[in-house]
Amino acid sequence: MLLKQLRYFVTAAKLGSFTEAALECGVSQSAVSQQIKALETELGVELVARRNRGFALTHAGKLVLSRGEMLLREADALY
């Protein structure tokens, strides 16, 4: 798992939008979507239930969000 993938996921989950997460992270919407899909593949679970105009977090997504926020805070503290 790359911290970048986790950061994109946490940002998208908190903002409720891949597009808004892309703006926040300074990348394209497709980059956010692809990295979250790669994270799901690596973890072997679906983190977001994609819908026509958005997404909802799955149970696994909610767990990864809470743990991911903590991991990112700890990683940021190293710098």
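A brief report on the enclosed structure follows. (Residues numbered from 1 in each chain as written. Predicted model: local features only at pLDDT ≥ 70, side-chain atom pairs only at ≥ 80, totals over all residues. Heavy atoms only, no water.)

Moving on, we come to helix α1 (residues 3–15). Look at α1: 18 Å from first C-alpha to last across 13 residues, which is about the 18 Å you get at 1.5 Å a residue. Among the residues of α1, those classed as buried are Gln5, Leu6, Tyr8, Phe9, Val10, Thr11, Ala12 and Ala13. Each element contacted by the buried residues of α1 is listed here: α2 (18–25), α3 (29–43), β1 (48–51), β2 (54–57) and α4 (59–77). Taken from the residues just after α1, Gly16 is the one with a positive phi, measuring 75 degrees. (Helix = DSSP H or I, 4+ residues; strand = E, 2+ residues; numbered from the N terminus. Expected span 1.5 Å × (residues − 1). Buried < 20%, exposed > 50% of the residue type's maximum accessible area, 1.4 Å probe, protein only. Contact = heavy atoms within 4.5 Å.)

Here we take up the nonpolar core. Grouped together as the largest cluster of nonpolar side chains are 18 residues, with contacts concentrated most on Phe9, Val10, Ala12, Phe18, Val32, Ile36 and Val48. Within the residue set of this core, elements represented by two or more residues are α1, α2, α3 and α4. The element best represented in this core is α1, accounting for six residues. (Core = buried A, V, L, I, M, F, W, Y, C linked by side-chain atoms within 4.5 Å.)

To continue, consider the environment of Arg7. Examined against the element boundaries, Arg7 turns out to sit in helix α1. With relative accessibility at 30%, the residue Arg7 sits in the partly exposed group. Separated by 25 residues in the primary sequence, Arg7 and Val32 have C-alpha atoms spaced 9.5 Å apart. When residues no more than four places from it in sequence are discounted, the contact partners of Arg7 are Leu72 and Asp76.

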